[in-house]
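# Observations on the model geometry
What follows is each chain in one-letter form.
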Amino acid sequence: MKRAIRKVVLSSIILFSIILGVQVSAAENENTDRVIIGFEEAINPEILESIQVHHTYENIPAVSATIDRGELKRIQSHSDVMWVEKDQKVETSGQKETWGFKSTQALQSREWGLDGEGVKVAIIDTGIDQDHPDLDVVKGISVIDGFDSWADDNGHGTHVAGVIAAKNNDIGVVGVAPDAELYVVKALDQQGDGWESEIIAGIEWAIAQEVDIINLSLTSCQPSTGMKNTLKQAEEAGISVVAASGNGVLCSGEYLDDVMYPARYESVISVGAIDDKKMRALFSYGGASLDFVAPGTGIYSSYITTEKHPDGYRSMNGTSMAAPFVSGVMALTKQAYPHTNTGGLEDLLIENAVDLGEEGKDFDYGYGLVQSLPQPFADFTEKSWYYSYVQELYKDGIIKGIKDGVFAPLGEITREEVVTMIGRSIGLDGEKRSTPFPDVDRASFGSGYIASAVERGIIKGLPDGTFGPKKKISRGEVAVIIDRVYDLESTTQVSFPDVSSGVYYYDAVTAVSTAGVVTGFPDGTFGPQKNITRSELAAILARAM
């Protein structure tokens, strides 16, 4: 610490920048190489008679060619040849998925449409580059005396922000939760230094903004009553706080026997760093209070524009880089489980973490390498026949489950739920409002979709003038609604022994069945009076769409 024992510092180690877009090419086959041949003054065509030339350059005396390796020494030794070098394969500088992004399995959450949308993440750091094309900020503030702007003049905060929420576009990198809403607190100065009093002020501001997650990629050596109490308030407000475990620095001349502060507080999720071999980074503090590890070496992310980094990206190292990976994964988890408390969300991270080192929680890796959710529902697997249908509808925001982590695929579904799901699938106005039915509360989740469905002639209600929103719905009734909504094409006529031509749903069942949207049972029946299950409806909607 440079100024005071209560001072906090960034938990990162800046090691190197990487060069984008250049990789050594493999040979075109085992016996040839792509090369560029440079001549002393003018190109000598006699040398090139047995060589496949690709390009002859106008501004330099050189050619590109594919050459047999046996010819290489002959070419290099010729008096007219100044140099021969391997041709290098280049790639676009488009968006990168870094090794850290891949190792936390963010793509498996993305396959379910989880991208952090609607989750508010506060980054208390050096600020963020306000003009960076890869970052969007909802709101920002500076809590440093004499600083009105929350613009980043160090680069650390911008780097952290990119790990969490760099946009999913065609440039730079992509964050773990690219659609998360960023709230920025500038609490550290140009040197990456700050005071706990300012961090506390930043946490209070974040609490007032009702954020879901706070990222603290900063450390101090000593505990603080004020910091501990403020972080407890954040926990009580339902905010998950993630902090770096700290890099291996001396505190009063000694190494600590546990992670640094504020990561050591019980209310905080502490994060250490691993390298790309999934080994604990040499600089990363471990300890009994360590909860997780995440990638922390060679992390390429957004950065402020400088002379050395004119493109606004660079690689950095440290537990500061590891913490935002956990914040990003937490944002995906919060999106999937919006009603689950902070303890429950952390339990999900523990459940999905990859155990490293000693079995169970240990000094070096905590519970292990944090992983994104493989899927938002725990009550079925990828082998379930309806998996892809549920995934498709969840990704499109049509289904959400009956509660966090539960889809209840075999559960029977209500009339209100069916209309809501169908309404979402065709873009009906779902704003809650009054309906023609006395038994539909205007505050109910499906009231808007029911009202819209009536206006569109999709539903008509029951004979007594009610809708029966909480009543289960039969397969025959669903067939009628689906037939009204979707313009289905049929090819082969299908009939069922339990669906006679005299019933009201006969034409609808015939239409949806011949179109392949609704199938019968193995015994050849349709089961029109049977209540439909949630998985069956998911399959029907996905096929119809």
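Residues numbered from 1 in each chain as written. Predicted model: local features only at pLDDT ≥ 70, side-chain atom pairs only at ≥ 80, totals over all residues. Heavy atoms only, no water.

This part covers helix 11 (residues 447–455). Within helix 11, seven of the nine residues are buried, which leaves the element mostly enclosed by the surrounding structure. Residues of helix 11 that are buried include every one of S447, G448, Y449, I450, A451, S452 and A453, and no others. Here the buried face of helix 11 lies against helix 10 (415–426). Once helix 11 finishes, G457 follows within two positions and takes phi at roughly 75 degrees, a positive value. (Buried < 20%, exposed > 50% of the residue type's maximum accessible area, 1.4 Å probe, protein only. Helix = DSSP H or I, 4+ residues; strand = E, 2+ residues; numbered from the N terminus. Contact = heavy atoms within 4.5 Å.)

Moving on to the sheet that holds strand 8 (residues 120–125). One open sheet holds the seven strands; their spatial order is 9-10-8-12-14-15-16, and the pairing between them is parallel. The open sheet terminates on both sides in strands that have one partner only, identified here as strand 9 (137–142) and strand 16 (292–295). Averaged over all neighbouring strand pairs, the angle between strand axes comes to 25 degrees, with direction disregarded. Pairing of strand 9 with strand 10 (residues 181–186), which is carried by five bridges, proceeds in the parallel orientation. Bridging from a neighbouring strand, S142 pairs with K186 of strand 10. Across the face of the sheet, helix 4 (residues 156–165) comes into contact with strand 8, strand 10 and strand 12 (213–216) while running at roughly 155 degrees to strand 8. (Pairing = 2+ DSSP bridges. Axes fitted to C-alpha atoms, helices over the stretch in contact; angles between N-to-C directions.)

Below, the discussion takes up the pattern of salt bridges. Applying the stated criterion across every chain yields a total of 13 salt bridges. Between R433 and E455 there is a salt bridge, with the nearest N and O atoms lying 3.9 Å from each other. Placement of R433 in the loop between helix 10 and helix 11 and of E455 in helix 11 is noted, with a sequence separation of 22 residues between them. Within this structure, D429, R433 and E455 form a network of salt bridges that share partners. (Salt bridge = Lys/Arg side-chain N within 4 Å of Asp/Glu carboxyl O.)

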